[in-house]
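Residue strings, one per chain:
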Amino acid sequence: MVTTTAATGAGAAGAPDVRPRRRIVARPAAWFVWGAVIFFFLNLLGVVGSVLVSSFGQRWFNSWLPDGYTSKWYGEAWTEFALFQVIKVTLEVSLLVVGLSLLIGVPAAYVLARRNFPGKRTIYLVFLLPILMPPITYGIPLATVLYKFGLAGHLSGVVLANLVPSVPFVILTMTPFIEQIDARIESAARMCGAGLRSVFLHVLAPLLLPGMLASAILVLVRTVGMFELTFLTAGPDSQTLVVALYYSMSAAGIRAQQSVDAMAVMYTAMMVVLLVIALRYVNPTQLVARVKEEPEP
């Protein structure tokens, strides 16, 4: 809480000079919370900064800063870890998951937004479970089933595993957007002779485009950063960047720590770019907003 106190003094012409003085007053609990938040971000900044500096350092032993700086570790990381192929697989998996999630999730969200039927709340709860539960809890049995049918270890298995949380995410994101659209618009289009396909393509699709874009960007960010499901179902040729980063840190052998840090910096930069794009087009407070029109008297 900020309070303002006034101090009165003599001015140049003898008139009273009132100058507001601000003083920050807060409860001890508020100071503790702000201190904890600042401490957390300082530690986060220190960790990220140390990795960034190490990725450019030539040698760094028992000193505050490296002996010298170079960018060769990025080239070595690109070659040693075959990052071109890894990034290609990451983009393939992410785009496939985004496309299939929209293809399945948007019609399902439309049904849930426009229809009332028994068990609707139960279905919402089922869709919430893969989002709220840690992926490892259902990832292990899911990977077991995919390996049993010969899908895991390939690109198809990684895509199917990532669809489990992505489709419900699209459904729960798109449902409020669909509820904002007046159903009378669709009724008017049908009265004019438009079929179901025409109504969806020419009436609903333009109105749902912001919601679909928001869902696509958020699913893309989620898929690129998904480690557990991808790790459990990926093979040697279907590893995304986050899984390849894990293997580069834990695999046997001797490798320069700077090259691993360079790979981590590239992954972090990719995630930051995706998050900036997501926040540019998506307002998180609008994802759960349900706009209802007041009934006419």
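Note that this is a predicted model, so its numbers are computed, not measured.

Undergrad: I would appreciate a short explanation of the nonpolar core in the present structure.
TA: Across soluble globular proteins, you tend to see nonpolar side chains buried next to one another. Leu-208, Met-263 and Tyr-267 are the most contacted members of the largest nonpolar core, which has 52 residues in total. Breaking this core down by element, the ones donating at least two residues are helix H2 (72-80), helix H3 (83-114), helix H4 (120-132), helix H6 (155-179), helix H8 (196-225), helix H10 (241-250) and helix H11 (257-281). Broken down by element, this core gets its largest block of residues, twelve residues, from H3. In terms of nonpolar packing, the next biggest core, distinct from the first, is built from six residues, Tyr-138, Leu-146, Ala-152 and Leu-229 among them.

Undergrad: Looking at this model, I keep getting lost on the packing of H4 against H6. Mind explaining?
TA: The axes of two packed helices give the description: the angle between them and the distance between them. Viewed as axis vectors pointing N to C, H4 and H6 meet at an angle of 125°, and their least axial separation amounts to 8 Å. Accordingly, the angle class assigned to the pair H4 and H6 is oblique. In this structure, the crossing between H4 and H6 has a hand that is left-handed. Between H4 and H6, the contacting residues are Tyr-124, Phe-127, Leu-128, Pro-130 and Ile-131 on the first element and Val-164, Pro-165, Pro-168, Phe-169, Ile-171, Leu-172 and Thr-175 on the second. A breakdown of the residues in the contact of H4 with H6 according to their chemical character gives eleven nonpolar, one polar and no charged.

Undergrad: Explanation requested: H2 in the structure shown.
TA: Given 3.6 residues per turn, any residue in an α-helix points the same way as the ones three and four places further on. Within the sequence span of H2, burial applies to Trp-73, Tyr-74 and Ala-77. Looking straight down H2, one finds its buried side chains confined to an arc of 100°; they lie on one side. Once H2 finishes, Ala-82 follows within two positions and takes phi at roughly 50°, a positive value.

Undergrad: Where do I start with the confidence of the model for the chain in this structure?
TA: The predicted coordinates ought not to be read in detail in places where the model reports low pLDDT. Per-residue confidence for the chain gives a mean pLDDT of 80; residues scoring 70 or more make up 83%. In this model residues 1-11 is a low-confidence stretch, pLDDT under 50, and it forms 30 contacts with partners more than four residues away in sequence or in other chains.

Undergrad: Looking at this structure, I do not really get the packing of aromatic side chains. What am I missing?
TA: Centre distance and the angle of the planes are the two values used to describe a pair of aromatic rings. The final tally for this structure, using the stated rule, is seven aromatic pairs. Here Phe-227 and Phe-231 contribute two aromatic rings whose centre-to-centre distance is 5.2 Å and whose plane-to-plane angle is 20°, an arrangement assigned as stacked. Judged by centre distance (5.3 Å) and plane angle (65°), the rings of Phe-227 and Tyr-246 are edge-to-face. Note that Phe-227 is positioned in the loop between H8 and helix H9 (228-233) and Tyr-246 in helix H10, a separation of 19 residues in sequence.

Criteria and cut-off values
Residues numbered from 1 in each chain as written. Predicted model: local features only at pLDDT ≥ 70, side-chain atom pairs only at ≥ 80, totals over all residues. Heavy atoms only, no water. Core = buried A, V, L, I, M, F, W, Y, C linked by side-chain atoms within 4.5 Å. Buried < 20%, exposed > 50% of the residue type's maximum accessible area, 1.4 Å probe, protein only. Helix = DSSP H or I, 4+ residues; strand = E, 2+ residues; numbered from the N terminus. Axes fitted to C-alpha atoms, helices over the stretch in contact; angles between N-to-C directions. Parallel < 35°, antiparallel > 145°, perpendicular 65-115°, else oblique. Left-handed = near helix turned anticlockwise from the far one by under 90°. Contact = heavy atoms within 4.5 Å. Nonpolar A, V, L, I, M, F, W, Y, C, P; charged D, E, K, R; others polar. Arc of directions from axis to C-beta. pLDDT = per-residue confidence, 0-100. Phe/Tyr/Trp six-rings, centres within 6.5 Å; stacked < 30°, edge-to-face > 60°.

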